[in-house]
Amino acid sequence: MADGREIIYFDAAPVPRTAVDTRDLPPAHTSSQARFDPLLGEWVVVASHRQTRTFLPPADLCPLCPSTPDRATEIPESDYQVAVFENRFPSLSTNREDLPETVRDAPQTLLRNGFGRCEVVCFTSDHNSSFARLDTDRVRMVVDVWAARTEELAALDGVEQVFCFENSGAEIGVTLSHPHGQIYAYPFVAPRVAKIAGNVAAYRKDHGGNLFGDILDAERASGLRVVVANDEWTAFVPPFARWPYEVQLYPHRRVADIPELDDAQRDAFARIYPDVLRRFAHRFDAPMPYVAAWNQAPTPGSTVPREDWWLHLQLFSIRRTADKLKYLAGSESGMNVFITDTTPEAVAAELREVS
């Protein structure tokens, strides 16, 4: 790209990619910090440069649409299938600065570079589409893209976690409405993954089984909270769901991350996932805003073991009724104790009924 960032095109068949980024951009050089919270034992990323990122531009100024002779965008080509590029306003960056070991006048707060990489994944060149509207072949291509980028980012020295996700809907906080997701390569194991891994290890010690697998087996046997299933995947509302509408998708055969999915699992996911998204889209008159978060194992060699990890996708919405949102107020934000206004059993039944 004009400022030195990398862009990668993924196509179903060979396509000549010769377009040049004609924009006059200064060289990309952003950096962030990671500050350690000694009370919670978690890293917090400080990326103040993101305050100036693009915010809800009109469709004719969308930076994720293909370039035209009259307007150059983040994607130089006049059309594309799936495109991945380094975020112009990244939370994490491969740039490093000389920093002290602790925050000034706060010796208990460790300080280090916010090392990592943030990528944008554009699922389609069609600004008015959505992931739920992608055909099966395109969804399968996106799965292959997630796998390819996970492998490459996981191989970076210093990366311990690769997180693929999509934010959808203005209520979620999406700043660009073009269908896209993101990939973060963290220099640490994400707190959610570290906590789950600890509980999985304790369950193995106490019960001799895999906690993920036993949860999946129980949901498949009961069927009470299953929304939809096929030969390779089951989508169910977890009995401990904390979001008003939450579905988790598990492959029936354990794999640690997206690259380990075989062809049959990838094909089956490309069929079941849009089905679930369409149920979210049609549960109310307007599509539900959502977050789709891949829970992958830490990278090989990280500080957290990955042997028992079971890849799964967590899909959830903050919408609790047709015209009400679930706000993370005192209990959720202050104490991280979720109080849900729906029951998993009722939500599963409602989503099963959506045609």
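Up top is the structure these notes are about.
Just so it is clear, the model here is predicted, and its values are computed rather than measured.

S.K.: How would you sum up the overall build of the protein chain? Please name residues and give values.
M.R.: Check the secondary structure of the protein chain and you find six helices and 16 strands. Against the globule reference of 20 Å for 355 residues, the protein chain gives a C-alpha radius of gyration of 21 Å, in line with a compact fold. When the backbone C-alpha atoms are referred to their principal axes, the protein chain occupies close to 60 × 55 × 40 Å. Within the protein chain, the proportion of its 355 residues that are buried is 51%. Here the contacts in the protein chain between residues at least 6 apart in sequence split such that 67% fall between residues at least 24 apart.

S.K.: Describe the environment of D231, listing the residues and the values that go with them.
M.R.: Locating D231 in the fold gives a position in the loop between β10 (226-229) and β11 (233-236). Classification of D231 by relative accessible area gives exposed; the value is 73%. In sequence terms D231 and V46 are 185 residues apart; their C-alpha atoms lie 43 Å from each other.

S.K.: I'd like a description of the packing of helix α2 (residues 191-207) against helix α3 (residues 211-222), backed by residues and values.
M.R.: Interaxial distance between α2 and α3 falls to 8 Å at its minimum, and their mutual angle equals 85 degrees. One finds that α2 runs roughly perpendicular with respect to α3. Counting all contacts with α2, which are made through I196, N199, V200 and Y203, the residues of α3 involved are L211, F212 and D214. For the contact of α2 with α3, the residue count by class is five nonpolar, one polar and one charged.

S.K.: How would you explain the sheet that holds strand β1 (residues 7-10) if you had to name every residue and give the values?
M.R.: Overall, antiparallel pairing links the 10 strands, which are arranged β1-β4-β7-β9-β8-β13-β14-β12-β11-β10 in an open sheet. Each of the sheet's edge strands pairs with one partner strand only, and the pair in question is β1 and β10. Each neighbouring strand pair of the sheet contributes to a mean axis angle of 20 degrees, computed without reference to strand direction. Direction of pairing for strand β7 (residues 117-122) relative to strand β9 (residues 180-186): antiparallel, over a ladder of six bridges. Pairing of R117 across the sheet is with A185, part of β9. The sheet contacts of α3 involve β10, β11, β12 (245-251) and β14 (312-317), and relative to β11 the element is tilted by about 80 degrees.

S.K.: Which residues make up the sheet that holds strand β6 (residues 106-113), and what values go with them?
M.R.: Strand order in this open sheet of four strands is β3-β2-β6-β5, and the pairing throughout is antiparallel. Unpaired on one side and paired on the other, β3 (42-46) and β5 (102-103) mark the two borders of the sheet. Strand direction decides the pairing type here: strand β2 (residues 33-37) and β6, joined by three bridges, are antiparallel. Opposite Q33, over in β6, you have N113 as the bridge partner.

S.K.: Mind laying out α2, listing which residues take part and the relevant values?
M.R.: If you check α2, its first and last C-alpha atoms are 24 Å apart, about what 17 residues at 1.5 Å a residue would give, namely 24 Å. All of the buried residues in α2 are V193, I196, A197 and V200. Each buried residue of α2 sits inside an arc of 105 degrees when the element is viewed along its axis, so together they form one side. What points out from α2, more than 90 degrees from its buried face, is the exposed set K195, K205 and D206. Positive phi appears at G208, one or two residues downstream of α2, with a value of about 75 degrees.

S.K.: Help me get a handle on the pairing of strand β13 (residues 290-295), residues and values and all.
M.R.: With six of six residues buried, β13 is to be regarded as a mostly interior element. Side chains Y290, A292 and W294 of β13 all project onto a buried face; the interleaved residues V291, A293 and N295 project onto the opposite face, where all are buried too. Two elements, strand β8 (residues 161-168) and β13, share four bridges in a ladder whose sense is antiparallel. Looking across to β13, one finds that S168 is bridged to Y290. Relative to β14, β13 runs antiparallel, the two sharing five bridges. Bridge assignment links N295 to a residue of β14, and that residue is H312.

S.K.: Kindly report on the nonpolar core, identifying the contributing residues and their values.
M.R.: Among the nonpolar cores identified, the biggest contains 54 residues, and F131, W146, L249 and Y273 are the most heavily contacted of them. Residues contacting F131, with those up to four places away along its chain left out, are F123, V139, V142, W146, E166, Y273, L277 and Y290.

S.K.: Can you tell me about the side chain of R140, naming the residues and giving the values?
M.R.: The residue R140 is located in helix α1 (residues 136-154) in this model. A relative accessible area of 17% means that R140 is categorised as buried. What R140 contacts, discounting residues up to four positions off in sequence, is D263, R266, D267 and A270.

Scoring rules and cut-offs
Residues numbered from 1 in each chain as written. Predicted model: local features only at pLDDT ≥ 70, side-chain atom pairs only at ≥ 80, totals over all residues. Heavy atoms only, no water. Helix = DSSP H or I, 4+ residues; strand = E, 2+ residues; numbered from the N terminus. Rg over C-alpha atoms; globule rule 2.2 N^0.38 Å. Buried < 20%, exposed > 50% of the residue type's maximum accessible area, 1.4 Å probe, protein only. Contact = heavy atoms within 4.5 Å. Axes fitted to C-alpha atoms, helices over the stretch in contact; angles between N-to-C directions. Parallel < 35°, antiparallel > 145°, perpendicular 65-115°, else oblique. Nonpolar A, V, L, I, M, F, W, Y, C, P; charged D, E, K, R; others polar. Pairing = 2+ DSSP bridges. Expected span 1.5 Å × (residues − 1). Arc of directions from axis to C-beta. Core = buried A, V, L, I, M, F, W, Y, C linked by side-chain atoms within 4.5 Å.

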